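So the chains spell out like this:
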Amino acid sequence: MSDVIDIDDAEGPAIEVRGLRTQFGDHVVHENLDLDVRRGEVLGVVGGSGSGKSVLLNTIIGLRQPDGGSVRVLGQDIQRTSRRRWSDIERSWGVLFQQGALFSNLTVRENVATPMYEHTNLPRRAVEELADLKIALVGLRPGAGDLKPSELSGGMRKRAALARALALDPQLLFLDEPTAGLDPIGAGAFDELIRDLSDSLELTVFMITHDLDTLYTITDRVAVLADKRVIATAPVQELERSEHPWVREYFLGPRGRAAAAAAKKAGTTA
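Bear in mind the structure is a predicted one, so any value in this text is a computation, not a measurement.

Here's the deal with the confidence of the model for the protein
Link 1 in the chain: Averaged over all residues, the pLDDT of the protein is 90; the fraction at 70 or higher stands at 94%.
Link 2 in the chain: Ignoring residues within four places in sequence, the model shows residues 1-5, a span with pLDDT below 50, making 16 contacts including any to other chains.

This is the structure in structure tokens:
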């Protein structure tokens, strides 16, 4: 879309977190947290309430400064990069926040176009055409671009927000509870969309979710936050064999067993 500094040497993890410490006053959320996100994978992130899942996401994308440790994205240390290089790092990812965070006074097309106006010098007509392409890419019907967020169903708002997250052709996609509030059919369709987009666009996906069906059907690995750190990162089938009490309760409880059985029946697990 415009000239961009080459920030990526195509080696190493897409995201590398080492020794992360985050705290609010005297309350320590993360202590000595390490995490690697491999290129091209769909990584699910789970943890109990207060384990700092969203705090971790916000730290990785620079919305919060860590109190210790380092974060590297596409080989770049986000705390030590120049302002110009930071702009290019920002362009390398898209974010879908839990509530969508669409601008209520703008149409879907205008929402999707906003990052392009901010980060490129493309003419208005080209931006609008690209916005319409992104809207179609996420499966919204023709004409949805002219609607305001208040005129959309919950599932359509999720897709509109996803189209905006994809506006700048990112390498990384961050999702915060993408299926929250959706009915089972809508959640399943959204899971399938994320998996298809990840495969076709070669995206690396960092996804916070509590949805066990999502974890079983579309993730390559799952990172578990507990005890102020990442205690395990593995495919769900391996996590089922964990001895950690929280992991066992989460994956081997009634809902976990139901999700595993459904995924096995559908042929989506090994």
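That was the structure; now back to the text.
Observations regarding helix α2 (residues 83-91)
Link 1 in the chain: Buried within α2 we find Asp88, Ile89 and Arg91. Seen end-on, α2 carries its buried residues on one side only, within an arc spanning 160 degrees.
Link 2 in the chain: Tucked inside the fold, the buried residues of α2 contact β4 (68-73), β5 (76-77), β6 (93-96) and α3 (108-119).

So, the environment of Gly48
Link 1 in the chain: Looking at the secondary structure, you find Gly48 in the loop between β3 (42-47) and α1 (53-60).
Link 2 in the chain: Separated by 202 residues in the primary sequence, Gly48 and Tyr250 place their C-alpha atoms 9.2 Å from one another.
Link 3 in the chain: Apart from residues no more than four positions distant in its own chain, Gly48 is found in contact with Lys53, Leu225 and Trp246.

Some points on the sheet that holds strand β2 (residues 27-37)
Link 1 in the chain: Within the open sheet, the four strands sit side by side as β2-β1-β4-β5. Their pairing is antiparallel. Of all the strands in the sheet, just β2 and β5 have a single pairing partner and so form its edges.
Link 2 in the chain: Bridge count between strand β1 (residues 15-24) and β4: five bridges; the pairing is antiparallel. Along β4, the bridge assignment pairs Val17 with Val71.

Some words on the packing of α3 against helix α5 (residues 154-165)
Link 1 in the chain: The N-to-C vectors of α3 and α5 enclose an angle of 25 degrees; their axes lie 8 Å apart at closest approach. Taken together, the axis directions place α3 and α5 in an arrangement best described as roughly parallel. For the element pair α3 and α5, the recorded crossing hand is right-handed. On α5, the residues touching Val108, Asn111, Val112 and Pro115 of α3 are Ala160, Ala163 and Arg164.
Link 2 in the chain: Within the contact of α3 with α5, the residues separate by chemical class into five nonpolar, one polar and one charged.

Regarding the pairing of strand β7 (residues 172-176)
Link 1 in the chain: Counting buried positions along β7 gives five out of five residues, so the element sits mostly inside the fold.
Link 2 in the chain: Because side chains alternate across β7, one face comprises the buried residues Leu172, Phe174 and Asp176, and the other comprises Leu173 and Leu175, equally buried.
Link 3 in the chain: Taken together, the four bridges between β6 and β7 define a ladder with parallel strand orientation. When the bridges of β7 are listed, Trp93 appears paired with Leu172.
Link 4 in the chain: One ladder, built from five bridges, connects β7 with strand β8 (residues 204-208); its direction is parallel. By the bridge assignment for β8, Asp176 is matched with Ile208.
Link 5 in the chain: The parallel pair β7 and β8 is bridged by helix α6 (residues 184-201), and the resulting crossover is right-handed.

Thresholds, definitions, all that
Residues numbered from 1 in each chain as written. Predicted model: local features only at pLDDT ≥ 70, side-chain atom pairs only at ≥ 80, totals over all residues. Heavy atoms only, no water. pLDDT = per-residue confidence, 0-100. Contact = heavy atoms within 4.5 Å. Buried < 20%, exposed > 50% of the residue type's maximum accessible area, 1.4 Å probe, protein only. Helix = DSSP H or I, 4+ residues; strand = E, 2+ residues; numbered from the N terminus. Arc of directions from axis to C-beta. Pairing = 2+ DSSP bridges. Axes fitted to C-alpha atoms, helices over the stretch in contact; angles between N-to-C directions. Parallel < 35°, antiparallel > 145°, perpendicular 65-115°, else oblique. Left-handed = near helix turned anticlockwise from the far one by under 90°. Nonpolar A, V, L, I, M, F, W, Y, C, P; charged D, E, K, R; others polar. Right-handed = clockwise from strand over helix to strand, strands pointing away.

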